[in-house]
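Residue-level structural notes
Now for the letters of each chain:
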There are 2 protein chains.
Amino acid sequence: MRYAILGSGAVGGLYGSMLARAGHEVHFLLHSDLEHVAKHGIRVDSVLGDFVVPSPNIYRDASDMPPCDVAIVALKSTNNQLLARMLPHVVSDRGAVLSLQNGLDVESASADAVPGRGVLGGCCFLCSNKVGPGHIRHLDYGRIVFGVYQRSGESSGGQSGEDSAVTRSAYELGQRILADMTGSGIDAQWTDDLAAARWRKLMWNIPFNGLSVALDAATDEIMASAAAKSLAGTLIDEVHRGAACCGVSIDAAAIEATMQHTETMVPYDSSMRLDFLHGRAMEVDAIFGSPLRAVERARAARGETVENSSHPMPSVAMLHQQLQFLDSRSGKASNPTH
Amino acid sequence: MRYAILGSGAVGGLYGSMLARAGHEVHFLLHSDLEHVAKHGIRVDSVLGDFVVPSPNIYRDASDMPPCDVAIVALKSTNNQLLARMLPHVVSDRGAVLSLQNGLDVESASADAVPGRGVLGGCCFLCSNKVGPGHIRHLDYGRIVFGVYQRSGESSGGQSGEDSAVTRSAYELGQRILADMTGSGIDAQWTDDLAAARWRKLMWNIPFNGLSVALDAATDEIMASAAAKSLAGTLIDEVHRGAACCGVSIDAAAIEATMQHTETMVPYDSSMRLDFLHGRAMEVDAIFGSPLRAVERARAARGETVENSSHPMPSVAMLHQQLQFLDSRSGKASNPTH
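Chain A goes by 2-dehydropantoate 2-reductase in an unreviewed UniProt entry, where it is assigned to Allorhodopirellula solitaria. Under the UniProt heading Pathway (unreviewed entry), the entry covering chain A gives this text: "Cofactor biosynthesis; (R)-pantothenate biosynthesis; (R)-pantoate from 3-methyl-2-oxobutanoate: step 2/2." Regarding chain A, the relevant UniProt record gives this comment under Sequence similarities (unreviewed entry): "Belongs to the ketopantoate reductase family."

**Comments concerning the pairing of strand β9 (residues 135–148) of chain A**
The side chains of a regular strand alternate, residue by residue, between the two faces of the sheet. All names here are of chain A. Most of β9 is tucked away: 10 of the 14 residues are buried. Taken together, the four bridges between strand β3 (residues 42–46) and β9 define a ladder with parallel strand orientation. Looking at the pairing, D45 lines up with R137 of β9. Direction of pairing for strand β8 (residues 118–132) relative to β9: antiparallel, over a ladder of 12 bridges.

**Side note on the side chain of N80 of chain B**
Counting through the fold element by element, N80 of chain B comes out in the loop between β6 (68–73) and α3 (83–90). For N80 of chain B, the residues in contact, after removing those within four places along its chain, are Q101, V106 and A109 of chain B.

**Quick notes on the interface of chain A and chain B**
Contacts between the two partners involve 21 residues from chain A, matched on the other side by 21 residues from chain B. Counting the surface lost from both chain A and chain B, the interface buries some 1,900 Å², and carbon and sulfur atoms represent 63% of this. For the chain A face of the interface with chain B, the top three residues by lost area are M318, Q321 and F325 of chain A, together amounting to 33%. Joining chain A to chain B, the criterion identifies two salt bridges. A salt bridge links R329 of chain B to E221 of chain A, with the nearest nitrogen and oxygen atoms 3.3 Å apart. At the junction of chain A and chain B, the tally comes to nine residue pairs in polar contact (both at pLDDT 80 or more). Broken down by element, the side of chain A that touches chain B gets its largest block of residues, nine residues, from helix α12 (residues 314–329) of chain A. Looking at the side of chain A that touches chain B residue by residue, the class counts come to 12 nonpolar, six polar and three charged.

**Considerations on the relation of the copies chain A and chain B**
The transform that puts chain A on chain B rotates by 180° and translates by 0.0 Å along the axis, for an RMSD of 0.0 Å. What the rotation and shift describe, once combined, is the action of a two-fold rotation axis. Interface residue correspondence from chain A to chain B reaches 100%, placing this contact among same-surface, isologous pairings.

**Let's talk about the state of the cysteines**
Using the criterion set out here, one finds zero disulfides over all chains in the structure. No disulfide involves C127 of chain A; its sulfur sits 12 Å from that of C124 of chain A, the nearest cysteine.

**What to know about the domain arrangement of chain A**
Residue and element names in this part refer to chain A. When the domains of chain A are assigned, the result is domain 1 (2–192) and domain 2 (195–329). Between the C-alpha centres of domain 1 and domain 2 the distance comes to 24 Å. Tallying the contact residues gives 26 residues for domain 1 and 25 residues for domain 2. At the boundary of domain 1 with domain 2, total buried surface from both sides reaches about 1,900 Å², with 55% on carbon and sulfur atoms. Its largest share of buried area at the contact with domain 2, domain 1 owes to K76, N102 and L104, together 33% of the area lost on that side. For the pair domain 1 and domain 2, the interface holds two salt bridges. A salt bridge links D275 to K76, with the shortest nitrogen-to-oxygen separation between them at 3.2 Å. Put simply, domain 1 and domain 2 have 12 residue pairs in polar contact (both at pLDDT 80 or more) between them. Ranked by residues supplied to the side of domain 1 that touches domain 2, first place goes to β8 with nine residues. The residue inventory of the side of domain 1 that touches domain 2, partitioned by class, reads 10 nonpolar, 12 polar and four charged.

What counts and how
Residues numbered from 1 in each chain as written. Chains lettered and ligands numbered in written order. Predicted model: local features only at pLDDT ≥ 70, side-chain atom pairs only at ≥ 80, totals over all residues. Heavy atoms only, no water. UniProt positions renumbered as here; feature names shortened; annotations may be inferred. Buried < 20%, exposed > 50% of the residue type's maximum accessible area, 1.4 Å probe, protein only. Helix = DSSP H or I, 4+ residues; strand = E, 2+ residues; numbered from the N terminus. Pairing = 2+ DSSP bridges. Contact = heavy atoms within 4.5 Å. Buried area = accessible area lost by both parts, 1.4 Å probe. Salt bridge = Lys/Arg side-chain N within 4 Å of Asp/Glu carboxyl O. Polar contact = N/O pair within 3.5 Å; in protein donor to acceptor, adjacent residues only side chain to side chain. Nonpolar A, V, L, I, M, F, W, Y, C, P; charged D, E, K, R; others polar. Least-squares fit on C-alpha atoms with pLDDT ≥ 70 in both. Disulfide = S-S within 2.5 Å. Domains from an automatic or database assignment.

Here it is as structure tokens:
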């Protein structure tokens, strides 16, 4: 299995390096870090043990990369417009895409870029930051939960024969990825219900990415304040209700578990907060806009209106607007050159 | 009529100086500005014309002030615990208190401090800041709408004979204050429905004080952003619904008028934003906590619960929690020495 890593940051850099360390063939797309990594390799400081990948296969341009069995998409979703150009070069004819991005329905850009190829999506439950060029610091947790992506509204029963074959192929590749990852020391788990995993992850991302920016606070500050913690709880409840509204059932115990995990987590600056503090574009649309639209579509499909039913995620909608304001004001670089 | 001004800042300093300029007897309580004002007087830079009160009557301690017919309370409501000590000194036997503080039910601390004396409340619709010691800058608008305060649940029909006499006396003093203010160039208006005026003012304070802190933005930045403006609109709607829930009917045209006034307002840092930027305590409880409690009482009185009815102010409740977090974190001085 040959892997391409698109976006060699906190997530792609970590998992790609773990696969490379285990002897798998991994090709990394880099941009600003290329010269540094060419000299020094990729350095991973991890709770699971520190290591360096001394001479990784690195590229500045996706068109120079070889066709791979698996392209792991770990760019920020604000750069997804780049995938239409990149993915056709790096995904082999029988290959697949594994998107490890935050948010809901982020896989659609990959599916559009390489029609006829399988698309998988994964949620990463970890605390990891890129702290310097080619330098990843993995602080806590590390699980990937991944599965086959199907577009909203698609179910395997309603697929054409060709689509079914693609889904089967994605499933088979997924099992091989799972074996490779597990063998590389990655805490990877398969799911037959990617939508549930996505919503489950949003139960953390929406409150804690959102409030960490809106309140300018790390997770430990939020959990130490009765008011902010209560607000986080409200948001988690709402995301749970939003999932149900979209037909995704999540065990109610996940509500309390999300708070518990965050209580015991290392003090952590979410990716969104780091983006905000550095004036970079935030993943507001993938993490907030997309689930809010999914809820609106589900409500509209059932004929629910403002008049005849209450919105399941009013606080999420409010936080979304606050983040849109803050995102539009920051001096972000929304169009990087790679 | 002899006036005492407790809190000689953006509001008390402005209106007290306008009364003094017109020849009324006015006594100002000052703290940190006392030496400066003793030398230079009070300076008012106003859209209505600049002037100086060269030698005002000034005091460091309320117990040195003479008994007055009217004590104008223009302290920040976060200092209301000081009123129990101050007001008995400055309100004459037949005098009254006029509270010009922001928020809902802020008059209760004054009513507790001088039982048997009349209490009036007023809402100020103006853009004014204290920009230096004894130096007020009045930027825009200037209206005071004031009337007799009655505790929540009290109506004149249910009052005892003594209370009715106090209310009548407050009304009569109010008419004299109105005449004095109008004659001093102050845009003062009488209202027989103070509660409606308070809620009407909250329709501005809640969205624009709150968002100016939560989004770290002046009013013009909020109005220039589609997301932030939409959020302000949601909050205004909710305050209008909250008032209705408390039995206070406000013309729906006020919703649009509030947005219009803010559109055409000078770019303005609200008092709450200035407090936040300077690390001072914010009036979170008076402006957010108190109306939210009023709504809860009204809902409880009607037997409404989370299950059988939706909260009329969910976004207000969320903003309240955000502000509580931000207020608790700032290095505020919650107990000034005067």
